[in-house]
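Descriptive structure summary
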Amino acid sequence: MTAHRAFHRALYAASHNDVLIKMLDDVWDKSDRYRRIGLELPPGDEPRTRDHREHHELCDLIAAADAPGARELMRAHIERSLTGSAIDAREHRERRGFPEAGSEAS
């Protein structure tokens, strides 16, 4: 398990919600390889540095019991992530009238 995945898993495992944990583990297992193959971070160190910094900030917010701050940072973190990029790309394709990959045109 990569450190990145382990960090995020620790966050949702802290919910002690077995259904949520199983669902997110399953989603991660099924999607991680596609995010890594199909998407690339922009060049340079900034995206990696930002992720690292946000992980530390998130830990600090959780330790301070700042739920609104943690929620806001996590939302922004996801929007800037590879998953967020994949969602944006899919929505862009749909707006342009392209069918989903793997679906048949009617």
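Preceding block: the structure.
Overview of the structure.

The rules behind these values
Residues numbered from 1 in each chain as written. Predicted model: local features only at pLDDT ≥ 70, side-chain atom pairs only at ≥ 80, totals over all residues. Heavy atoms only, no water. Helix = DSSP H or I, 4+ residues; strand = E, 2+ residues; numbered from the N terminus. Buried < 20%, exposed > 50% of the residue type's maximum accessible area, 1.4 Å probe, protein only. Contact = heavy atoms within 4.5 Å. Core = buried A, V, L, I, M, F, W, Y, C linked by side-chain atoms within 4.5 Å. Salt bridge = Lys/Arg side-chain N within 4 Å of Asp/Glu carboxyl O. Expected span 1.5 Å × (residues − 1). Arc of directions from axis to C-beta. Polar contact = N/O pair within 3.5 Å; in protein donor to acceptor, adjacent residues only side chain to side chain.

Here we look at the overall build of the protein
Assigned secondary structure in the protein consists of five helices and zero strands. What you see in the protein, going N to C, is helices and strands ordered as α-α-α-α-α. The buried share of the protein, reckoned over its 106 residues, is 22%. Of all intrachain contacts in the protein linking residues separated by at least 6 positions in sequence, the fraction that spans at least 24 positions is 44%.

Things to note about the nonpolar core
Counting five residues, the largest nonpolar core is built from Phe7, Leu58, Ala70, Leu73 and Met74. Among the elements that take part in this core, helix H4 (residues 67-79) stands out by supplying three residues, more than any other. When neighbours within four sequence positions are excluded, Met74 is seen to be in contact with His8, Leu11 and Leu58.

Re the environment of Lys22
Among the structural elements, Lys22 can be located in helix H2 (residues 18-38). Given a relative accessible area of 64%, Lys22 falls into the exposed group. Taking C-alpha positions, Lys22 is 10.0 Å from Tyr12, a pair spaced ten residues apart along the chain.

Let's talk about the pattern of salt bridges
This model, assessed by the stated rule, comprises five salt bridges. The salt bridge partner of Asp25 is Arg9, with a shortest N-O separation of 2.8 Å. Here the residue Asp25 occupies a position in helix H2, and Arg9 occupies one in helix H1 (residues 3-13), the gap between them amounting to 16 residues. The shortest N-O distance in the salt bridge between Lys30 and Asp26 comes to 3.2 Å. Of this pair, Lys30 and Asp26 are both found in helix H2, four residues apart, which corresponds to roughly one turn of the helix. A relative accessible area of 52% means that Lys30 is categorised as exposed. Taking the relative accessible area as the measure of exposure, Asp26 reaches 32% and is therefore partly exposed.

So, unusual backbone geometry
The phi torsion at His16 lies on the positive side, around 60 degrees, for a residue other than glycine. Mapped onto the secondary structure, His16 falls in the loop between H1 and H2.

Considerations on H4
Along its 13 residues, H4 runs 18 Å from first to last C-alpha, staying within 8% of the 18 Å computed at 1.5 Å per residue. Those residues of H4 lying buried are Gly69, Ala70, Leu73, Met74 and His77. Looking straight down H4, one finds its buried side chains confined to an arc of 125 degrees; they lie on one side. Exposed residues pointing more than 90 degrees away from the buried face of H4 are listed as Glu72, Arg75 and Glu79. Between the side-chain oxygen of the N-cap and the backbone nitrogen of Gly69 there are 2.8 Å, and the N-cap of H4 in question is Asp66.

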